[in-house]
Amino acid sequence: AKQAYVRTKPHLNIGTMGHVDHGKTTLTAAITKVLADGGSGAFVPFDWIDRAPEEISRGITINIAHVEYETASRHYAHVDMPGHADYVKNMITGAAQLDGAILVVSALDGVMPQTAEHVLLARHVGVRHVVVALNKADAADPEIADLVELEIRELLAAHGYPGDQVPVIRVSGLRALAGDPEWMASIRVLLDAVDSHVPVPDRYTTAPFLLPVENVLTITGRGTVVTGAIERGTVRAGDRVEVRGLGTQLATVVTGLETFGKPMESAQAGDNVALLLRGVHRDQVRRGTIVAAPGTVTVHQRFVARVHLLAAAEGGRRTAVASGYRPQFYLRTTDVVGEVDLGEGGVALPGDTAEMTVWLGKPVPLESGLGFAIREGGRTVGAGTVISVLD
Ligand code: GDP
Ligand code: MG
């Protein structure tokens, strides 16, 4: 039998974010190496994290890789975020559940457009704590690194993070991965900063259960399994749940749970899980639906939102948005087209924050406070928060 998951330490979800090539994947591998050398967990090599076939041929990260590790005080699930703007979609679905993020900035290059874009998105999807890995410190002039540090603190402050208190740790993922003791120590300093700066969140474990579905799999002989990170509440085998959203409404029962391949008796907010659902056919559940305690979620097509449109320099649009604009909305793990209404003659310019009414093409589970991103033509042009739900 498989070894059961035993909860001995608080569990947190973190991830790397930052501009392409600033060293997110190298750092992720280096963290597992440093911890494995210290006797905790398994080393996960770079090639395993960046394992999608497209990655190898195109040299960019397209999938979110989940890596599991432990420090002395915590158990972490770490997602290595894609760095390329075209894949921000994946970052949004992963980032929505992050308790904290490691912002990776190359000390050689400084703040780049995707650095700013990821900070903006993190803020909008509710990532409350950021620790900075000022990477490639092995190759950077310390005075340049000082300037980059100032630039990062300003960027974070501009997006509502405590820019002067955020830990900025100079590291070298590459040298740590190569086993250089000085730089391995820098990774331990970074992990200490994550341990102390990112608090164990209030998990809302007593709230009604809700899991946004990231993936659906069929396990031959057992049935349909949905995977994702639990947004709130607790679930155990035998619990009745319903699948909602994208036109689906279906009652079922959870017959089994796993995390990182280990069976568990109950799972709670923050856990990455696979749930086996009784009598559900694979076609009946999709990414973008949610699994929730029965009767606790309502679906809607119209809402009022506060939206920040990225400035052109941040990779946003060049022209204003007016009523009738129809971009793609990314809410939890769903993406759906929606039309905005800014009122008679209303316009919003790139760089503006504006209130607007949104009419989605399909009903999705919605509530005030939910963060989302807006994309068109394969790039992120804005991010927002639901202020109130209409119908
Ligand atoms: P990602 O796109 O942010 O995941 O970046 P990668 O981890 O793929 O790294 C991009 C490039 O930067 C690779 O060639 C790495 O070897 C290099 N790199 C990563 N970390 C460091 C570092 O700490 N120092 C130096 N000098 N190079 C690094
Ligand atoms: Mg990468």
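Residues numbered from 1 in each chain as written. Chains lettered and ligands numbered in written order. Predicted model: local features only at pLDDT ≥ 70, side-chain atom pairs only at ≥ 80, totals over all residues. Heavy atoms only, no water.

Asks: Would you mind showing me how to read the sheet that holds strand β24 (residues 379-389) here?
Replies: Taken together, six strands build a closed barrel; the order of strands is β17-β22-β20-β19-β23-β24 and the barrel is antiparallel. In this sheet, neighbouring strand axes are inclined to one another by 45° on average, regardless of whether the strands run parallel or antiparallel. As paired elements, strand β17 (residues 299-309) and strand β22 (residues 353-365) share nine bridges and run antiparallel to each other. Each bridged residue has a counterpart across the sheet, and for alanine 305 the counterpart in β22 is methionine 356. Along the sheet face, helix α5 (residues 113-124) touches β17, β23 (371-376) and β24 and points at about 15° away from the line of β24. (Pairing = 2+ DSSP bridges. Helix = DSSP H or I, 4+ residues; strand = E, 2+ residues; numbered from the N terminus. Axes fitted to C-alpha atoms, helices over the stretch in contact; angles between N-to-C directions. Contact = heavy atoms within 4.5 Å.)

Asks: Teacher, can you tell me more about the site of ligand 1 here?
Replies: Of all residues adjacent to ligand 1, which total 16 residues, the nearest are Asp21, Lys24, Thr25, Thr26 and Asp138. The contact in question runs from an oxygen atom of ligand 1 to an N or O atom on the side chain of lysine 24, over 2.7 Å. At 2.5 Å from an oxygen atom of ligand 1 is found a side-chain nitrogen or oxygen belonging to threonine 26. Of all the secondary-structure elements, those providing two or more residues to the shell around ligand 1 are α1 (24-37) and α7 (173-177). The element contributing the most residues to the shell around ligand 1 is α1, with three residues. Taken together, the residues of the shell around ligand 1 sort by class into four nonpolar, eight polar and four charged. (Near = heavy atom within 4 Å. Polar contact = N/O pair within 3.5 Å; in protein donor to acceptor, adjacent residues only side chain to side chain. Nonpolar A, V, L, I, M, F, W, Y, C, P; charged D, E, K, R; others polar.)

Asks: Explanation requested: the side chain of threonine 252 in the structure shown.
Replies: Here threonine 252 shows up in strand β12 (residues 248-259). In this structure threonine 252 comes out as buried when scored by relative accessible area, which is 6%. The contacts of threonine 252, once residues within four sequence positions are left out, are Asp239, Arg240, Val241, Val243, Leu277, Arg278 and Val280. (Buried < 20%, exposed > 50% of the residue type's maximum accessible area, 1.4 Å probe, protein only.)

Asks: Teacher, can you tell me more about the packing of α1 against helix α8 (residues 181-197) here?
Replies: Helix packing geometry: the angle between the two helix axes and the distance between the axes. As a packed pair, α1 and α8 sit with axes 10 Å apart at the nearest point and diverge in direction by 95°. Between α1 and α8, the angle is such that the two are roughly perpendicular. Across from Leu27, Ala30, Ile31, Lys33, Val34, Leu35 and Asp37 in α1, the residues of α8 making contact are Met184, Ile187, Arg188, Leu190 and Leu191. Here the contact of α1 with α8 is built from residues that sort into nine nonpolar, no polar and three charged. (Parallel < 35°, antiparallel > 145°, perpendicular 65-115°, else oblique.)

Asks: Explain α5 to me, please; I cannot follow it from the model alone.
Replies: Each α-helix turn comprises 3.6 residues. Residues three or four places apart therefore point the same way. Given a rise of 1.5 Å per residue, 12 residues ought to cover 16 Å, and the 17 Å separating the end C-alpha atoms of α5 matches this to within 8%. Counting buried positions over the 12 residues of α5 gives 10, a clear majority of the element. Inspection of α5 places Gln114, Thr115, Ala116, Glu117, His118, Val119, Leu120, Leu121, Ala122 and His124 among the buried residues, and these make up the whole buried set. (Expected span 1.5 Å × (residues − 1).)

Asks: Looking at this model, I keep getting lost on the confidence of the model for the protein chain. Mind explaining?
Replies: Any residue range with low pLDDT should be treated as having predicted coordinates unsuitable for detailed reading. Per-residue confidence for the protein chain averages 87 on the pLDDT scale, and 91% of its residues sit at or above 70. Across the predicted assembly, pTM comes out at 0.71 and ipTM at 0.99. (pLDDT = per-residue confidence, 0-100.)

Asks: What am I meant to see in the nonpolar core here?
Replies: Nonpolar side chains in soluble globular proteins tend to be buried together. Counting 27 residues, the largest nonpolar core has Leu27, Ile31, Tyr69, Ile102, Ile187 and Leu190 as the members making the most contacts within it. Contributions of two or more residues to this core are made by β1 (11-17), α1, β2 (65-70), β4 (100-106), β5 (130-135) and α8. It is α8 that provides the largest number of residues to this core, a total of seven residues. Once you skip the residues sitting within four places of it in the chain, tyrosine 69 turns out to touch Ile14, Ile31, Thr32, Leu35, Arg74, His75, Tyr76, His78 and Leu191. (Core = buried A, V, L, I, M, F, W, Y, C linked by side-chain atoms within 4.5 Å.)

Asks: Any chance you could explain α8 here in plain terms?
Replies: The terminal C-alpha atoms of α8, which comprises 17 residues, lie 24 Å apart, in line with the 24 Å expected from a rise of 1.5 Å per residue. All buried positions along α8 are accounted for by Trp183, Met184, Ser186, Ile187, Leu190, Leu191, Ala193, Val194 and Asp195. The N-terminus of α8 is capped by aspartate 180, whose side-chain oxygen sits 3.0 Å from the backbone nitrogen of glutamate 182.

Asks: I keep staring at the environment of threonine 206 and nothing clicks. Help me out?
Replies: Assignment of secondary structure puts threonine 206 in the loop between α8 and β7 (210-212). For the pair formed by threonine 206 and valine 20, sequence separation is 186 residues and the distance between their alpha carbons is 39 Å.

Asks: Explain unusual backbone geometry here, please?
Replies: For residues other than glycine, phi is negative in most cases, and the peptide bonds are mostly trans. Positioned with a positive phi, aspartate 21 is a non-glycine residue whose angle comes to about 75°. Along the chain, aspartate 21 turns up in the loop between β1 and α1. The exposed category is assigned to aspartate 21, whose relative accessible area is 60%. You will see that leucine 246, though not glycine, has its phi angle at about 55°, which is positive. Locating leucine 246 in the fold gives a position in the loop between β11 (240-245) and β12.

Asks: What is the right way to look at the side chain of histidine 308 in this model?
Replies: With respect to the secondary-structure elements, histidine 308 resides in strand β17. Residue histidine 308 is classed as buried on the basis of its relative accessible area, which comes to 14%.

Asks: Honestly, the pattern of salt bridges in this entry has me stumped. Any pointers?
Replies: Think of it this way: side chains of opposite charge can pair up when their charged atoms draw near. For the coordinates displayed, the defined rule picks out 14 salt bridges. The closest approach of N and O atoms between lysine 33 and aspartate 37, which form a salt bridge, is 3.4 Å. With lysine 33 and aspartate 37 both in helix α1 and four residues apart, this pair spans about one turn of that helix. Lysine 33 sits in the buried class, given a relative accessible area of 16%. Here the salt bridges share partners, and the residues they tie into one network are Asp146, Glu149, Arg153 and Arg170. (Salt bridge = Lys/Arg side-chain N within 4 Å of Asp/Glu carboxyl O.)

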